[in-house]
Amino acid sequence: LIHKGKVGEIAELVKTTGARTVIFSAELKGHHQRNLEEAFGVNTIDRTQLILDIFARRAKSLEGSLQVELAQLEYRLPRLVGHYDALSRLGGGIGTIGPGETKLEVDRRRIATRIDRIKKELAEVTKSRQLKRKKRQDQHIPLISLVGYTNAGKSTLLNTLTDAHQDTKDGMFTTLDSLARQCVLPNKQKVVFSDTVGFMHELPHNLIEAFKATLEEVQSADLLLHVLDVSNPRARNLKESVDLVLEQLDCSKKPILLVLNKIDKIEDKSLIDAIARKYSNAVAISATERINIEELLLKVEN
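Here the residue index of a chain counts from 1 through its sequence in written order. Totals for whole chains, interfaces and linings use all residues, but because this is a predicted model, local features are given only for residues with pLDDT of at least 70 and pairs of side-chain atoms are given and counted only at 80 or more. By convention in this description, side-chain values take in all heavy atoms of the structure and omit both hydrogens and water.

### A few points about the layout of surface pockets
- Using a grid of 1 Å spacing that covers the protein atoms alone, one calls a set of points a cavity when a 1.4 Å probe fits there but cannot get out, and a pocket when the set is open and has protein on both sides within 12 Å along at least five of seven lines; lining residues are those with an atom within 4 Å of a point. Grid points are joined across faces, edges and corners, and a volume is the space filled by probe spheres set on the points. What the largest pocket holds in volume is close to 380 Å³.
- In this structure, the largest pocket is lined by 16 residues; those nearest its centre are Arg-129, Lys-132, Arg-133, Arg-136 and Ala-180.
- Strands here mean DSSP runs of E at least two residues long; helices mean DSSP runs of H or I at least four residues long; both are numbered from the N terminus. Secondary structure elements with two or more residues in the lining of the largest pocket: α5 (103–138) and β4 (179–184).
- Looking at the lining of the largest pocket element by element, the count peaks at seven residues for α5.
- The classification used treats Ala, Val, Leu, Ile, Met, Phe, Trp, Tyr, Cys and Pro as nonpolar, Asp, Glu, Lys and Arg as charged, and all other residues, Gly among them, as polar. Here the residues of the lining of the largest pocket are counted per class, giving five nonpolar, four polar and seven charged.

### Concerning the side chain of Thr-160
- With respect to the helices, strands and loops of the structure, Thr-160 is situated in helix α6 (residues 154–162).
- Judged by relative accessible area, Thr-160 falls into the buried class, the value being 10%.
- Any pair of residues with heavy atoms lying within 4.5 Å of one another is described as a contacting pair. Contacts of Thr-160, omitting those with residues within four sequence positions, involve Ala-287, Arg-290 and Ile-293. Exposure categories follow from relative accessible area, calculated using a 1.4 Å probe and restricted to protein chains: below 20% of the type maximum is buried, above 50% is exposed, and the middle band is partly exposed.

### Side note on the sheet that holds β4
- Strand pairing follows a simple DSSP-based rule, namely that at least 2 bridges must link the two strands. Pairing is mixed in the open sheet, where six strands are placed in the order β4-β5-β3-β6-β7-β8. Each edge of the open sheet is held by one strand with a lone partner, namely β4 and β8 (282–284). Taken pair by pair, the neighbouring strands of this sheet meet at an average axis angle of 25°, ignoring direction.
- Relative to strand β7 (residues 256–261), strand β6 (residues 223–229) runs parallel, the two being bridged by six bridges. Across the sheet, residue Leu-228 finds its bridge partner in β7, namely Leu-260. Inter-axis angles, ranging from 0 to 180 degrees, are taken between N-to-C directions of lines fitted to C-alpha atoms, where helices are fitted over the stretch in contact.

### Digging into the environment of Val-191
- Structurally, Val-191 is set in strand β5 (residues 190–195).
- Taking C-alpha positions, Val-191 is 9.7 Å from Val-300, a pair spaced 109 residues apart along the chain.
- Beyond its immediate chain neighbours, meaning those up to four positions away, Val-191 contacts Ile-141, Pro-142, Ile-144, Arg-181, Gln-182, Cys-183 and Leu-185.

### A word on the packing of helix α4 (residues 62–76) against α5
- Contact pair α4 / α5: the axes reach a minimum separation of 10 Å and the direction vectors enclose 145°. As for how α4 packs across α5, the hand of that crossing is left-handed. Contacts from Glu-63, Leu-66, Gln-67, Glu-69, Leu-70, Leu-73, Glu-74 and Arg-76 in α4 reach Ile-111, Arg-114, Ile-115, Ile-118, Lys-119, Glu-121, Leu-122, Val-125 and Arg-129 in α5.
- Classifying every residue of the contact of α4 with α5 gives eight nonpolar, one polar and eight charged. Should the near helix be turned anticlockwise from the far one by less than a right angle, the crossing is left-handed, and should it be turned clockwise, the crossing is right-handed.

### A look at the pattern of salt bridges
- Note on definitions: salt bridges are taken to be side-chain nitrogens of Lys or Arg within 4 Å of carboxyl oxygens of Asp or Glu. Overall, the coordinates contain eight salt bridges when judged by the stated rule.
- Between Glu-9 and Lys-6 there is a salt bridge, with its nearest N and O atoms 3.4 Å apart. With Glu-9 and Lys-6 both in helix α1 (residues 4–17) and three residues apart, the pair spans about one turn of that helix.
- The exposure class of Lys-6 is partly exposed, given its relative accessible area of 32%.
- Ionic pairing is found between Glu-74 and Lys-119, a salt bridge with its closest N-O pair at 3.4 Å. Taken together, the positions of Glu-74 in helix α4 and Lys-119 in helix α5 put the pair 45 residues apart, joining distant regions of the chain.
- Look at Glu-74 and you get partly exposed, because its relative accessible area is 23%.
- A relative accessible area of 43% means that Lys-119 is categorised as partly exposed.

### Concerning the pairing of β6
- Among the seven residues in β6, seven count as buried, and that is most of the element.
- Side chains of β6 alternate between two faces, with Leu-223, Leu-225, Val-227 and Asp-229 and Leu-224, His-226 and Leu-228 buried alike.
- In this structure, strand β3 (residues 143–148) lies alongside β6, joined through five bridges in parallel fashion. Following the sheet pairing, Ile-144 is matched in β6 by Leu-223.

### Focus on the nonpolar core
- Throughout, nonpolar core names a set of buried Ala, Val, Leu, Ile, Met, Phe, Trp, Tyr and Cys residues whose side chains join them through atoms within 4.5 Å. Core analysis: the largest hydrophobic core is formed by 38 residues, its most contacted members being Phe-199, Leu-228, Leu-246 and Leu-260.
- Here the element with the most residues in this core is helix α9 (residues 235–248); it accounts for five residues.
- Apart from the residues within four sequence positions on either side, Phe-199 is in contact with Val-147, Gly-148, Tyr-149, Thr-150, Leu-215, Val-242, Val-245, Leu-246 and Leu-249.

### Considering the confidence of the model for the chain
- Across the chain, the average pLDDT comes to 82, with 84% of residues at or above 70.
- The quantity called pLDDT is the predictor's confidence in a given residue, expressed from 0 to 100. Model confidence for the chain, summarised as mean pLDDT per element, is weakest for helix α7 (residues 205–210) at 66 and strongest for α1 at 96.
- Considering only residues more than four positions removed or in separate chains, one finds that residues 86–98, a stretch of pLDDT under 50, has 15 contacts.

### Concerning the packing of helix α3 (residues 47–58) against α4
- It is the contact of α3 with α4, at a shortest axis distance of 10 Å, that shows an interaxial angle of 155°. The angle between α3 and α4 falls in the class roughly antiparallel. In this structure, the crossing between α3 and α4 has a hand that is left-handed. Of α4, the residues touching α3 (which contributes Thr-48, Gln-49, Leu-52, Phe-55 and Ala-56) are Val-68, Ala-71, Gln-72 and Tyr-75.
- Here the contact of α3 with α4 is built from residues that sort into six nonpolar, three polar and no charged. Each angle gets one of four labels, with under 35 degrees taken as roughly parallel, over 145 as roughly antiparallel, 65 to 115 as roughly perpendicular, and the rest as oblique.

Structure, rendered in structure tokens:
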């Protein structure tokens, strides 16, 4: 993964900075992680583990906790081998014939059993969602899903549009559960807005799999509002990352309205029009300051 010289360089940096964790942007295999932790003397994780750790701290509901646990277990299962110094550690007790089961095999079976149980529980959640969705479809109420990079301001926009009182923070992945709220447009048409988990660059595949129940709201939506933080210097890259995830979910062909959020953070106001002109079907707003919200609702109507 990295050569000995680089390992020594990082180990020295750990000592001089007093770092307690080393994070790799690349995905680590079990043996990589074990060997690097021995060399550095501190906790060593990869990008996926970091995301899962943030998810675990944010999960509040039963569904959110189950989805995070599923992603964690599916991430851990193929990496178990590298974490065992010897695969012959015995799990058998008195009365076993021969060496018995290895600790590795027992752990694998336990994790696989738990994964199956969680998947069954999440399947029940999916059924419940489908019933609610069918009820909404029978009443011909359109569903509008808010999608976007994490920390783009989706929850704040949902609160502004529907008084949802959703928790909002300036941080990554504050929303793990899909939340749907009804709204009446200026032409008196009823619609439902739903918030979703934030996307990010190279969102790990097992996270997309674990959050399928939540992301189904995106797949069944009539319209997507792609919320983009235009005050971020990397806004174009963030948009491309979200477009890529939408492709993975087979949602890129849906009607999409680009919502250029956080314009209140842009000091040079002449830039706002220039940015909006770069994109087709876009509206520049500020969810916190309620700027251009009426214009956004009229575009949603259309």
